[in-house]
Amino acid sequence: MPSRRSLLVSGASLCGLAAVGTLGCTPQRRSRPWLDASLSPDTRARLVLAQMTREEKISLLSGFFGSKREKYAPPPGVRKGSAGYVPGVPRLGIPPQWQTDAGLGVAAQRDAKHKRNGTALPSGLAMAATWDPELAYRAGAMIGAEARASGFNVMLAGGVNLVRDPRSGRNFEYAGEDPLLAGVMVGAQVRGVQSNRIISTVKHFAFNDQETDRESADVQVDPDQARMSDLLAFQLAIEQGDPGAVMCAYNRVDGDYACESRRLLSDVLRRDWGWKGYVMSDWGATHSAAKAANAGLDQQSGRPFDAKPYFARPLRVAVARGEVSPARLDEMAHRILRSMFAKGLIDDPVRRSPLDFAADAAVAQQAAEEGTVLLKNAGGALPFGPGIRRIAVIGGRADKGVLAGGVSSVVYAPGGNAVPGLAPTEWPGPVMYHPSPPLTAIKARADGAEVAFADGRDPAAAARLAAGSDAAVVFATLWSAESVDSALELPDRQDALIAAVAAANPRTVVVLETGGPVLMPWLDQVAAVLEAWYPGIRGGEAIADLLFGRSDPSGRLPVTFPRDVSQLPRPNLRETDARGQPVVRYTEGATVGYKWFDARGLEPLFPFGHGLSYTTFAYDGLAAELQGQDLVASFGVRNTGRRAGLDVAQVYVSPQAGGWEAPRRLGGWKKVSLQPGETVRVSVRVDPRLLAVFKAAEGGWRIAPGVYKVEVGASSRDLKLAATVELAERRLPAALTG
Ligand code: BGC
């Protein structure tokens, strides 16, 4: 009798099984049964692993960098200027892993001679501000298709770190401060990327929420509070996106490096969530062989960034010494192979082909239009109508392009950098402006109105131009980048420029191109403010369409704008412990963003969820009821204005008895498009975890029995309807759902 094992590795037997699938029974399938797509990814990974030498297994576990770095030159096979490369095993039909950043498009490394073009999406915060998961999916599908056509099969796209501080240099890559919004939007993007039969990577796991001391700081956070905040965002993104990979972060967490944290990598990701992909380290975030491998790290990325090629020779030695078991080595390789099979990398190898930048840019433009937030619009200053005959466009290099954020996520759009040579030109530079000049787009839509430009370096000259115009549009920029945190103040005396222009023209509109929130000392003096974030390759066109009312501003803030840093949980981003080691203490626990402002009774500059439209909306008829065990809120949304528009109706939940980290949590939302006078009735199902409190000691999530309030509104501070519903006690496991 053949054993089960011999049956599994016998090509002939498997071929018999495969013949009923799609592959038929070719000689190749006979000799390489793991290529049979009708088998499960786990079976396929097991089959091929059984054929691998130890050296071949180890070769899967560490990646090179795609550009020259110091004395190190990339190996043959690498895609030049890319983030990473892991050799394949050609004799077994296993392709290399070609890795590229990131969530905003197919990026190119800054020190590469070979600048690869890609379509630049608006920033992650802009995408989150659309509150439109379907659009995030399409954007992900677009960049994933470009990755595939550029020869990449692993995208490092899926940044879901929470905005705990508005100054973090990478906020622009992430999806805001709320775990539900961030998790849903990033999960949708990951699904979109992976619809191209490639892997996407949710990152940076976990708590890399600031750049100050990111490679050394120890983040201290209550484990239960973490589950209801940062880890909930990851959990939602992972269960909705099902990424092939997760990237562990640079920082330490409660003493251990994130890439050596057994608690994060094994207890949370594997034991509790049951996730089956592989964990790769951030570039330069691996610090050991045995400790990291045993904690749950499966692949060392960008090894020239680490002190040693830990997952090459040092790992071999650790296995020989018995510090890492052969079974763990197999598990590491298995997880990588499993994801490669599961996501289609092996059945559908990537092939380079031409890109259709014009078609792809349409997705970027829609995201920029829907993600731009109209923060203020006094007296209907916007949109510009036919009465506006002279328009002053001022500052922000609006004659050249739109700003992007810096370092690993930088996309080189066709046309290159519209403003080359700005400091810093080296790390964390270059400063990138995408060639989509708002000035050109405004002229194209001005319908014969006179449009003049002042670069803003001379505020008096800009004010003179504004004084002689019917409206002034001031572009203000704040560059932010990975590895450095930013201030909340606009740099280069732009506040003074805006104040001078506003004093000269009452119809002054400020367009902000920023990574995240900024302070606005001139807010009372200007008529309108549009937050355009980093709006991507069609940013200029999108901004102009919004200014002229060709599209309705439907972005809503995914992040609270504070009045000043004293309102933040940690006004000082740099802290040290008794030994002088950098530390970040999340004493606020899960009370992040609007929850912090609500719990402390602080008045923000603009609240989470805020954003105006050119029309108006009203809500009515709220019913909060249980469908099965789930809470569902239903209500009507009506367009009460005279223009078509898009609304984001938000549902907030809270227990009447209190006891949560904050007065309310976002429970869900619906984005609707309505003609004037049109009404639609919508239903929002609330994820039960948002009604629960996590307590590891009690086995997971628990909804306390009692009366809960359900509120519907246009922002976290503009609640229009309320209802109550009684909930029974309910316990939910820590595992992934969906
Ligand atoms: C970033 C990652 C990125 C990697 C590869 C690191 O500096 O933190 O997000 O994926 O570089 O470029």
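Check the entry above for the structure.
Residues numbered from 1 in each chain as written. Predicted model: local features only at pLDDT ≥ 70, side-chain atom pairs only at ≥ 80, totals over all residues. Heavy atoms only, no water.

Visitor: Please provide a residue-by-residue account of the packing of aromatic side chains, values included.
Guide: A complete count under the given rule lists 15 aromatic pairs for this structure. With a centroid separation of 5.5 Å and 70° between ring planes, the pair formed by Phe-172 and Tyr-534 is classed as edge-to-face. Here Phe-172, found in the loop between β4 (154–155) and α8 (179–194), pairs with Tyr-534, found in the loop between β18 (528–531) and α19 (539–547); they are 362 residues apart in sequence, far enough to count as distant. Among the residues examined, Tyr-534 registers a relative accessible area of 2% and is labelled buried. Plain terms: the ring middles of Trp-533 and Phe-561 are 6.2 Å apart, the flat faces sit at 70° to each other, and that makes the pair edge-to-face. Of this pair, Trp-533 sits in the loop between β18 and α19 while Phe-561 is found in the loop between α19 and β19 (583–585), placing the two residues 28 residues apart along the sequence. The same class applies to Trp-533 as to Phe-561, namely buried. In this structure an aromatic cluster arises from ring pairing among Trp-131, Tyr-594, Phe-608, Tyr-652 and Trp-669. The ring of Trp-98 carries the charged tip of Arg-79 above its face, separated from the ring centre by 3.8 Å. Here Arg-252 stacks its cationic end above the ring of Tyr-257, 4.1 Å away from the centre of that ring. (Phe/Tyr/Trp six-rings, centres within 6.5 Å; stacked < 30°, edge-to-face > 60°. Helix = DSSP H or I, 4+ residues; strand = E, 2+ residues; numbered from the N terminus. Buried < 20%, exposed > 50% of the residue type's maximum accessible area, 1.4 Å probe, protein only. Lys NZ or Arg CZ within 6 Å of the ring centre and 35° of its normal.)

Visitor: Mind laying out the site of the ligand, listing which residues take part and the relevant values?
Guide: Taken together, 14 residues lie around the ligand, and Asp-101, Arg-170, His-204, Asp-282 and Glu-482 are the ones closest in. For the ligand, an oxygen atom lies 3.3 Å from a polar atom in the side chain of Gln-109. Arg-170 places a side-chain nitrogen or oxygen 2.7 Å from an oxygen atom of the ligand. Here the ligand has 310 Å² of accessible area as a free molecule, and 95% of this is covered by the chains. The class makeup of the residues in the shell around the ligand is five nonpolar, three polar and six charged. (Near = heavy atom within 4 Å. Polar contact = N/O pair within 3.5 Å; in protein donor to acceptor, adjacent residues only side chain to side chain. Areas by Shrake-Rupley, 256 points an atom, 1.4 Å probe, with all protein chains shown as cover. Nonpolar A, V, L, I, M, F, W, Y, C, P; charged D, E, K, R; others polar.)

Visitor: Describe the packing of helix α15 (residues 357–371) against α19, with residues and values.
Guide: For the pair α15 and α19, interaxial distance at closest approach is 8 Å and the crossing angle is 45°. Classified by the interaxial angle, the pair formed by α15 and α19 is oblique. For the crossing formed where α15 meets α19, the hand is right-handed. When α15 is examined against α19, the residues Gln-365, Ala-368 and Glu-369 are found in contact with a partner set consisting of Glu-541, Ala-542, Asp-545 and Leu-546. (Axes fitted to C-alpha atoms, helices over the stretch in contact; angles between N-to-C directions. Parallel < 35°, antiparallel > 145°, perpendicular 65-115°, else oblique. Left-handed = near helix turned anticlockwise from the far one by under 90°. Contact = heavy atoms within 4.5 Å.)

Visitor: Hey, could you go over the pairing of strand β21 (residues 630–639) for me, with residue numbers and the actual values?
Guide: Across a regular strand the side chains alternate sides, sitting on one face of the sheet and then on the other. Within β21, nine of the 10 residues are buried, which leaves it mostly tucked inside the rest of the structure. Of the strand pairs in this sheet, strand β20 (residues 617–627) and β21 are connected by nine bridges, and their pairing is antiparallel. Each residue of the ladder has a partner; that of Ala-623, found in β21, is Ser-634. Here β20 folds back onto β21, and the loop between the two strands holds two residues, one of which, Gly-628, carries a positive phi near 65°. As paired strands, β21 and strand β24 (residues 679–686) are joined by eight bridges and run antiparallel to one another. Residue pairing across strands places Leu-631 opposite Val-686, the latter belonging to β24. (Pairing = 2+ DSSP bridges.)

Limitation: the analysis is restricted to geometry and does not speak to function.
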